[in-house]
Amino acid sequence: MRYLTAGESHGKQLTTIVEGVPALLPLTTDDINQSLLRRQKGHGRGKRMQIEKDLVNIAGGVRHGYTLGSPIALIVENDDFKHWQDIMGEDPIDLDKEIRRTVTRPRPGHADLNGAIKYGHRDMRNILERSSARETAARVAAGAVAKTLLTQLDINIVGYVNEIAGIKAQEKQELSFDEKVEISETSPVRCLDQEAGQKMMAAIDQAKADGDSIGGICEVYVEGIPAGIGSYVHYDRKLDARIAFAVQSINAFKGVEFGLGFEAARRNGSEVHDEIIWSKETGFKRKTNNLGGFEGGMTSGMPIIVKGVMKPIPTLYKPLQSVDIESKEPFNASIERSDSCAVPAAAVVMEHVVAFEIAKAILEQFPNDQFPKLKAAFDQYREEVRCF
Ligand code: EPS
């Protein structure tokens, strides 16, 4: 299973093609829309999210609520395009007559300058339109297909926020999966610790008032996955490595950790590795889950716990020094519109990119053109793992 995305932030639409999904998987427009609408929420989002109402148009690969086995085409229109038709049109324009809103002032921390140098664009709109995190709507659409597949296999996945601007949520691993979903869904910052959530909202309001932006840490929790998904035999088959790649590729993400993550460097081996236990009912388990559900690039059967670090968004009202690429004059960057914090939305994006990598690994391990047969093979494997 693989996917491609296309589309610019203020262009007509985002397009996603997901290829390799087996036939006969139940899939509805609503399954995808629920994910898209979750991504749009979150305290700290800017004015753009009031313009957009992300709803998918399934334009191929699904009929009467089931996948066909053919490529699935997913379209999300940009409502804002109506304000940008002249600027973002695909056909040539008369540069003397028409407005272009040419961008020659790169934002520090954004793809603007490096992208312009690499692709030879003198108008950095050609960079920022595609490097914008608007593209994550297309990734969530693909991930929603994967999530639907995982749900059918009784694998549950949820993303939430652990930290914003240094305000840390209390660990809440004692909560059930359903409680994690319920609490994060009702929190405006998608946080499981309500007290910390209030402080995070205050920090976001302060950043907005200061014309600044703030980042944070998202966590994705996956339960119901048996041991042995992924592989140790080759570097590019390690599932934790693939998840790390997918998470790091989310716009503005700067790092990934599993379980204890970097803290493992500060502890002895005896305080890191998860001791093995066995019971007739559950089979093999670990006493703890410091390694976040992975050993040797494979799942251990414990919940997957992965964190991703998002830097503050580089589009700031507060000026930072930069240099105009035409005049070579220094200037203080200033912009019209931005999100002061998109960490809650990023938690939803992360949930979906992780879902995609897990579903992809399962499809590789239990290949079948027909989803019910894949499910039967997977369920049988789960039982074998329990009885091992
Ligand atoms: C973004 C800038 C803002 C965000 C956008 C990402 O958009 P605009 O430039 O239109 O104000 O709202 O995020 C989305 C549109 C979205 O759907 O998440 C950027 O520069 O990365």
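Residues numbered from 1 in each chain as written. Predicted model: local features only at pLDDT ≥ 70, side-chain atom pairs only at ≥ 80, totals over all residues. Heavy atoms only, no water.

Asker: Can you tell me about the overall build of the protein chain, naming the residues and giving the values?
Answerer: What the protein chain contains, in helices and strands, is 11 helices and 17 strands. In terms of overall dimensions, the protein chain is globule-like: its C-alpha atoms have a radius of gyration of 22 Å, near the 21 Å expected for 388 residues. Viewed in the frame of its principal axes, the protein chain has a C-alpha envelope of about 75 × 50 × 40 Å. Looking at the protein chain residue by residue over its 388 residues, the buried ones come to 50%. Look at the contacts in the protein chain between residues 6 or more apart in sequence, and 70% of them connect residues 24 or more apart. Total accessible area on the protein chain stands at roughly 19100 Å², and carbon and sulfur atoms take up 52% of it. Counting 49 positive and 55 negative side-chain charges, the protein chain places the averaged centre of each group 1 Å from the other. (Helix = DSSP H or I, 4+ residues; strand = E, 2+ residues; numbered from the N terminus. Rg over C-alpha atoms; globule rule 2.2 N^0.38 Å. Buried < 20%, exposed > 50% of the residue type's maximum accessible area, 1.4 Å probe, protein only. Contact = heavy atoms within 4.5 Å. Areas by Shrake-Rupley, 256 points an atom, 1.4 Å probe, with all protein chains shown as cover. Lys, Arg positive; Asp, Glu negative; His and termini not counted. Charge placed at Lys NZ, Arg CZ, Asp CG, Glu CD.)

Asker: Break down the packing of helix H9 (residues 239–248) against helix H10 (residues 343–365) for me, with residues and values.
Answerer: Contact geometry of H9 with H10 gives a least axis separation of 9 Å together with a crossing angle of 145 degrees. Relative to H10, H9 is oriented so that their crossing is right-handed. Across the interface between the two elements, Leu 239, Arg 242, Ile 243, Ala 246 and Val 247 of H9 pack against Met 350, Val 353, Val 354, Glu 357, Ile 358, Lys 360, Ala 361 and Glu 364 of H10. Residues that form the contact of H9 with H10 fall into these classes: 9 nonpolar, no polar and 4 charged. (Axes fitted to C-alpha atoms, helices over the stretch in contact; angles between N-to-C directions. Left-handed = near helix turned anticlockwise from the far one by under 90°. Nonpolar A, V, L, I, M, F, W, Y, C, P; charged D, E, K, R; others polar.)

Asker: So what's going on with the nonpolar core? Residues and values would help.
Answerer: In terms of nonpolar packing, the biggest core is built from 77 residues, with Val 354 and Ile 362 touching the most fellow members. Take this core: its biggest share by element is 14 residues, from H10. In this view, Ile 362 contacts Leu 150, Leu 153, Ile 155, Ile 229, Leu 374 and Phe 378; residues no more than four positions away in its chain are not counted. Counting residues in each nonpolar core, the second largest holds 7 residues, with Val 158, Tyr 160, Phe 177 and Tyr 221 among its members. (Core = buried A, V, L, I, M, F, W, Y, C linked by side-chain atoms within 4.5 Å.)

Asker: Help me get a handle on the site of the ligand, residues and values and all.
Answerer: Around the ligand, the structure places His 10, Arg 39, Arg 45, Arg 48, Met 49, Arg 107, His 110, Ser 132, Ala 133, Arg 134, Arg 337 and Asp 339. Measuring from an oxygen atom of the ligand, one finds a side-chain N or O atom of Arg 39 at 2.6 Å. Measuring from an oxygen atom of the ligand, one finds a side-chain N or O atom of Arg 48 at 2.8 Å. The fraction of the free accessible surface of the ligand (470 Å²) that becomes covered by protein chains is 89%. Broken down by class, the residue content of the shell around the ligand amounts to 2 nonpolar, 3 polar and 7 charged. (Near = heavy atom within 4 Å. Polar contact = N/O pair within 3.5 Å; in protein donor to acceptor, adjacent residues only side chain to side chain.)

Asker: I'd love a proper account of unusual backbone geometry, names of residues and values included.
Answerer: Despite not being glycine, Leu 24 has its phi angle at roughly 70 degrees, a positive value. Locating Leu 24 in the fold gives a position in the loop between strand S2 (13–19) and helix H1 (29–40). You can call Leu 24 partly exposed: its relative accessible area is 41%. The residue His 64 is not glycine, and still its phi comes out positive at about 50 degrees. If you trace the backbone, His 64 turns up in the loop between strand S4 (62–63) and strand S5 (66–67). For His 64, a relative accessible area of 68% gives the class exposed.

Asker: I'd like a rundown of H10, residues and numbers included.
Answerer: Taking 1.5 Å per residue as the helical rise, H10 with its 23 residues ought to reach 33 Å, and the 33 Å between its terminal C-alpha atoms agrees with that figure. Across the 23 residues of H10, 20 count as buried, placing the element largely inside the fold. (Expected span 1.5 Å × (residues − 1).)

Asker: Just give me the short version of the state of the cysteines, but keep the residues and values in it.
Answerer: Using the criterion set out here, one finds 0 disulfides in the structure. Free of any disulfide, Cys 341 has its nearest neighbouring cysteine sulfur in Cys 218, separated by 8.8 Å. Given the relative accessible area of 1%, Cys 341 is considered buried. (Disulfide = S-S within 2.5 Å.)

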